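# Examining the three-dimensional arrangement
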Amino acid sequence: MTMLLVEGLSKRYRDHQVLTEVAFGVGRSEIVGLVGQSGSGKSTIAKCILGLERPHVGRILWHGESLSERTVRRRARRGMQAVFQDPRSSLNPRWTVRQLLSEPLDNWLPAERGVIRLARLARLLDRVALSADLLDRHPHELSTGQCQRVCIARALAPEPDLLILDEPLSALDVSVQARLIELLLDLHRTSGISYLLITHDFAVVADICQRIVVLDKGNVVETGKVDDVLSRPTHAYTQALLRDVLPMPG
C-alpha cells in the first residue's frame, strides 16, 4: 500500500522553476532514496511534504487523502516526522535530552507523567542505542553522532509511520555514518517504519534503500529498484553521478 504519494508536484520561485511534475510514492515499510546534486530540488520536495512550502501544481496524498485537507494534515503531523542534516541546529541548546524528548510526547500524551514517562524516555534512548544516563545532559555535552541519535529518538517519540531523513549523515564522519546506517536499518527491521531518505550520496542509498528516485534540476529522470538503477542506469545524469562513486559494470 502506498503511504505517501506525490503527484505532479511543481514549484517555482519567481521566474525559477524548482520542481516540474515530480511524482513518486513511499509504501508501507519501504525505504525510498531521493537522490540528486545540490540544487536539484530535493529539500524543496521535503518542505512541500512537511507543509513548510506550498506547491504551485500537484498534490500530496497521505494514506490516500490530500494533505491540503486540514484534518489530514493534523493526522500527518504525528504520522510523519523529519530528521535534518545538522543535529545541533535541530536541538534547543538550553534544553536537556529529557526536555527534548518530552516535548513531542507532551503533544500526543499530555497526561503521561512520572515513572511512566521516564520509562518511555528510557525506551526511546534505548531504541537509538543511547543510555538513559544522558537524559540530563545538554546537546553541547554530546558528540555530533549522539545528537543525531537524539534527533532520531525525538522523531520516533510520536510513533510515526514515516521518517523523512534529509541528509541525516552528511554532518558525521565516516565511522559514525556507518554506525548510524546500522541503527536506521535495525529500526526498520524491528518496527517496519518507512523512510524517505534525501541524499546526494549513492553509496548511502546502496546501503539503505530499496527503491530510488533520481532528481535533476527539479525533474525525476530515473526511478526503480536500487539494484536495477545502480547496476544499469539508463539516464545520462544518473550514469554521470554514479561514475565517481560506485564501480560501473564492465
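So, a few notes on the structure that sits alongside this text. Remember, predicted model here, so these are calculated numbers, not experimental data.

### Concerning the sheet that holds strand β4 (residues 57-62)
- Spatially, β2-β1-β4-β5 is the arrangement adopted by the four strands of the open sheet, whose pairing is antiparallel. Two strands bound the open sheet, and with one partner strand each, they are β2 (16-27) and β5 (65-66).
- Relative to β5, β4 runs antiparallel, the two being bridged by two bridges. Residue pairing across strands places Trp62 opposite Glu65, the latter belonging to β5.

### What about unusual backbone geometry?
- Here the phi dihedral of His63 falls at roughly 50°; this positive angle occurs in a residue that is not glycine.
- Mapped onto the secondary structure, His63 falls in the loop between β4 and β5.
- Judged by its relative accessible area of 26%, His63 falls in the partly exposed class.
- One non-glycine residue, Glu159, lies in the positive phi region at around 60°.
- Structurally, Glu159 is set in the loop between α6 (144-156) and β7 (162-166).

### A short note on the environment of Gln146
- One can find Gln146 in helix α6.
- Between the alpha carbons of Gln146 and Leu100 there is a distance of 13 Å; along the sequence they are 46 residues apart.
- Not counting residues up to four positions away in its chain, the partners in contact with Gln146 are Leu130 and Leu134.
- At 2.9 Å, the side chain of Gln146 and the backbone nitrogen of Ser143 are in polar contact.

### Describing the layout of surface pockets
- Estimates place the volume of the largest pocket at around 930 Å³.
- Surrounding the largest pocket, 32 residues form its lining, Ile49, Leu50, Gly51, Leu52 and Arg77 being those nearest its centre.
- Elements that contribute at least two residues to the lining of the largest pocket include exactly α1 (42-49), β4, α2 (70-79), β6 (80-83), α4 (97-108) and α6.
- Grouping the amino acids of the lining of the largest pocket by side-chain chemistry returns 18 nonpolar, seven polar and seven charged.

### Some words on the state of the cysteines
- Applying the stated criterion across every chain yields a total of zero disulfides.
- Take Cys151: it sits in no disulfide, and the sulfur closest to it among the cysteines is that of Cys147, at 6.9 Å.

### Digging into the sheet that holds strand β10 (residues 219-225)
- Spatially, six strands are ordered β6-β7-β8-β3-β9-β10 in an open sheet, and the strand pairing comes out mixed. A single partner strand is all that each edge strand has here, and the edge strands are β6 and β10. In this sheet, adjacent strand axes meet at a mean angle of 15° when their direction is disregarded.
- Both strand β9 (residues 211-216) and β10 contribute to a ladder of six bridges, which runs antiparallel. Of the residues in β10, the one forming a bridge with Val214 is Glu222.
- Lying over the sheet, α2 contacts β6 and β7, oriented at roughly 50° with respect to β6.
- Contacting β3 (31-35), β7 and β8 (194-199), helix α7 (residues 174-191) crosses the sheet at an angle of about 155° to β8.

### Description of the packing of α6 against α7
- At their nearest, the axes of α6 and α7 sit 11 Å apart, and the two run at 20° to each other. If you check the angle between α6 and α7, you find them roughly parallel. For the pair α6 and α7, the crossing hand works out as right-handed. Across from Gly145, Gln148, Arg149, Ile152 and Leu156 in α6, the residues of α7 making contact are Val176, Arg179, Leu180, Leu183, Leu184 and Leu187.
- Considering only residue class, the contact of α6 with α7 consists of seven nonpolar, two polar and two charged.

### Observations regarding the pattern of salt bridges
- Applying the stated criterion across every chain yields a total of 13 salt bridges.
- Taking the shortest distance from any N to any O, the salt bridge between Asp106 and Arg117 comes out at 3.0 Å. Residue Asp106 is located in helix α4, and its partner Arg117 is located in helix α5 (residues 114-127); the two are separated by 11 residues in the primary sequence.
- Residue classification places Asp106 among the partly exposed residues on the basis of a relative accessible area of 34%.

Conventions adopted
Residues numbered from 1 in each chain as written. Predicted model: local features only at pLDDT ≥ 70, side-chain atom pairs only at ≥ 80, totals over all residues. Heavy atoms only, no water. Pairing = 2+ DSSP bridges. Helix = DSSP H or I, 4+ residues; strand = E, 2+ residues; numbered from the N terminus. Buried < 20%, exposed > 50% of the residue type's maximum accessible area, 1.4 Å probe, protein only. Contact = heavy atoms within 4.5 Å. Polar contact = N/O pair within 3.5 Å; in protein donor to acceptor, adjacent residues only side chain to side chain. 1 Å grid on protein atoms, 1.4 Å probe; cavity = no way out; pocket = protein on both sides within 12 Å on 5 of 7 lines; lining within 4 Å. Points joined across faces, edges and corners; volume = space filled by probe spheres on them. Nonpolar A, V, L, I, M, F, W, Y, C, P; charged D, E, K, R; others polar. Disulfide = S-S within 2.5 Å. Axes fitted to C-alpha atoms, helices over the stretch in contact; angles between N-to-C directions. Parallel < 35°, antiparallel > 145°, perpendicular 65-115°, else oblique. Left-handed = near helix turned anticlockwise from the far one by under 90°. Salt bridge = Lys/Arg side-chain N within 4 Å of Asp/Glu carboxyl O.

Scope: geometric values only; no functional claims are made or implied.
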